[in-house]
Amino acid sequence: MYKRARRRYRARGRDERRKKALRTAVWILMIVCIMTVCMVMAMKTKASQAVAAEAKAPETVLAGRKESVIIAARDTASKLLRVGEASKARLEEEAARVIVIDAGHGGMDGGCVFDGVLEKDINRQIAGEVVRKLRDRGYKAELARQGDDYVEKIDRAAYANRNNALLYVSIHQNSCEYAEVSGIETWYGANRASAESRRLAALIQQETVDSTGAVSRELASDSELCVINKSHMPACLIETGFLSNKDEREKLCTPAYRERIAEGIVRGIERYLDPDAGA
Ligand SMILES: [Zn+2]
């Protein structure tokens, strides 16, 4: 009886241990299952989030592009505004600067003289007319020498440089041992604005020839001419006619012909400053 009871007790103990092991296994299995389900759900959520993000991406990119386009347009507009302001400022700055007109020779230096006609006088009369015409058109213009004063060439260029002149135009008359030679020549220097000086010289030469009907002789560079080489701004020197030529000399002595020369010089300056003018 005792032995049977002990066997039963042992058998019950074994059953209990088996049951316990089984319960533990079931728990472990449940935990594994729950963890697996959780992991699968987490992965699914992550994947759907990625899909949603991908689906959303074009919108984001588009929005980004739109923003870039808006920024670029804004930048362009402000750039245009700045360019507009810059050119307006440039025009205002140019309008405030003086155009120096130099009547060649003067005082004790008469220049060339033929039949009692002095170059310095013709130069001064044309230069005065050019200044008047420029002022009438709203430009600031000054003579490099006043009245019949003699001013050193270097001082004329220095005057223009000191006043930060916009342009410098020197007016002279020509002479030649051959009396039949006539016409207009314009010279430009090799100063720091030589390319612009050439453009200025070409326009003045063309407009003055057109205005007077005179012979167009030469447009050339001369590094020896002081006034157009020592000045820092675009500069040229025009020889508006030959005093050694009787016909041209007589024309140069008439206010009407000098007025046509002055008109040509001013038109050349205007076209230089505003390339659209008269185009
Ligand atoms: Zn001269």
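Use the structure listed above.
Thresholds, definitions, all that
- Residues numbered from 1 in each chain as written.
- Predicted model: local features only at pLDDT ≥ 70, side-chain atom pairs only at ≥ 80, totals over all residues.
- Helix = DSSP H or I, 4+ residues; strand = E, 2+ residues; numbered from the N terminus.
- Buried ≥ 20, exposed ≤ 12 C-beta atoms within 10 Å, placed from the backbone.
- Contact = placed C-beta atoms within 7 Å.
- Expected span 1.5 Å × (residues − 1).
- Pairing = 2+ DSSP bridges.
- Axes fitted to C-alpha atoms, helices over the stretch in contact; angles between N-to-C directions.
- Core = buried A, V, L, I, M, F, W, Y, C linked by C-beta atoms within 7 Å.
- Left-handed = near helix turned anticlockwise from the far one by under 90°.
- Nonpolar A, V, L, I, M, F, W, Y, C, P; charged D, E, K, R; others polar.
- Right-handed = clockwise from strand over helix to strand, strands pointing away.
- Parallel < 35°, antiparallel > 145°, perpendicular 65-115°, else oblique.

What am I meant to see in the overall build of the chain here?
When its secondary structure is counted, the chain shows 7 helices and 8 strands. In the chain, buried positions account for 33% of the 279 residues. Put simply, 78% of the contacts in the chain that link residues at least 6 apart link residues at least 24 apart.

How should helix H2 (residues 119-136) be read in this particular structure?
Working note: α-helix, 3.6 residues per turn, so residues spaced by three or four point in the same direction. Here H2 contains 18 residues, and its C-alpha end-to-end distance of 26 Å stays within 8% of the 26 Å for a straight helix at 1.5 Å per residue. Backbone geometry just after H2 places Gly138 at a positive phi near 95 degrees.

Can you walk me through the environment of Pro234 in this structure?
By the secondary structure assignment, Pro234 is in the loop between helix H5 (226-230) and strand E8 (235-242). Expressed as a C-alpha distance, the spacing of Pro234 and Val169, which sit 65 residues apart in the sequence, is 8.6 Å. In this view, Pro234 contacts Leu167, Ala193, Glu196, Ser197 and Leu200; residues no more than four positions away in its chain are not counted.

Honestly, the sheet that holds strand E6 (residues 184-188) in this entry has me stumped. Any pointers?
Strand pairing in a sheet takes place through backbone hydrogen bonds and is either antiparallel or parallel in direction. One open sheet holds the 6 strands; their spatial order is E4-E1-E5-E8-E6-E7, and the pairing between them is mixed. Looking along the sheet, the strands with just one partner apiece sit at the ends: strand E4 (140-143) and strand E7 (216-221). Across the sheet, the mean angle from the axis of one strand to that of its neighbour is 20 degrees, orientation sign disregarded. Where strand E1 (residues 98-103) and E4 come together, 4 bridges link them in parallel fashion. Across the sheet, the residue bridging to Val100 is Glu142, located in E4.

Just to check I follow, could you spell out the pairing of E8 for this structure?
As a general feature of sheets, a regular strand has side chains that alternate between the two faces. Counting buried positions along E8 yields 8 of 8 residues, so the element is predominantly enclosed. In this sheet, E8 lies alongside strand E5 (residues 167-174) in parallel orientation, the contact comprising 6 bridges. Residue Asn174 lies in a different strand from E8, and its bridge partner there is Phe242.

I keep staring at helix H4 (residues 194-212) and nothing clicks. Help me out?
Between its first and last C-alpha atoms H4 spans 26 Å; for 19 residues at 1.5 Å apiece the expected length is 27 Å, and the two agree. What H4 keeps buried is the set Ser197, Leu200, Ala201, Leu203, Ile204, Gln205, Glu207, Thr208, Ser211 and Thr212. Check the buried side of H4 and you find it contacts E5, E6, E7, H5, E8 and helix H7 (255-273). Just past H4, the residue Gly213 takes up positive phi, approximately 80 degrees.

What am I meant to see in the nonpolar core here?
The biggest cluster of nonpolar side chains holds 49 residues, and the ones touching the most others in it are Ile99, Ile101, Leu167, Tyr168 and Cys236. For this core, the element with the highest residue contribution is H7, accounting for 7 residues. The contact partners of Leu167, leaving out residues within four places of it in the chain, are Ile99, Leu200, Met233, Pro234, Ala235 and Ile269.

Looking at this structure, how should I read the packing of H4 against H7?
Pairs of packed helices are described in terms of their axes, by the angle between the two and the distance that separates them. For the pair H4 and H7, the least separation of the axes is 7 Å and the interaxial angle reads 145 degrees. In this structure, the crossing between H4 and H7 has a hand that is right-handed. Here Arg199, Leu200, Leu203, Ile204, Gln206, Glu207, Thr208, Asp210, Ser211 and Thr212 of H4 lie close against H7, whose contacting residues are Tyr257, Arg260, Ile261, Glu263, Gly264, Ile265, Arg267, Gly268, Ile269, Arg271 and Tyr272. In terms of residue class, the contact of H4 with H7 is built from 8 nonpolar, 6 polar and 7 charged.

Looking at this model, I keep getting lost on the pairing of E7. Mind explaining?
Here E6 runs beside E7; their pairing, made up of 5 bridges, is parallel. Across the sheet, Tyr188 pairs through a bridge with Ser221, a residue of E7. Each parallel crossover has a hand, and for E6 linked through H4 to E7 it is right-handed.

What is the right way to read the environment of Ala144 from this model?
Tracing the backbone shows Ala144 in the loop between E4 and helix H3 (153-162). Taking the C-alpha atoms as reference points, Ala144 and Asp155, 11 residues apart in sequence, are found 8.8 Å from one another. Among all residues touching Ala144, those that are not within four sequence positions of it are Val100, Ile101, Asp102, Val151, Arg156, Tyr159 and Ala160.

What should I look at first to understand the packing of H2 against H7 in this one?
At a closest axis distance of 9 Å, the pairing of H2 and H7 adopts a crossing angle of 50 degrees. Comparing the axis directions of H2 and H7 gives the class oblique. Handedness of the crossing formed by H2 with H7: right-handed. Residues Gln125, Ile126, Glu129, Val130, Lys133 and Leu134 of H2 touch H7, and the partners they reach there are Arg258, Glu259, Ile261, Ala262, Glu263, Ile265, Val266 and Ile269. Residue composition of the contact of H2 with H7, by class: 8 nonpolar, 1 polar and 5 charged.

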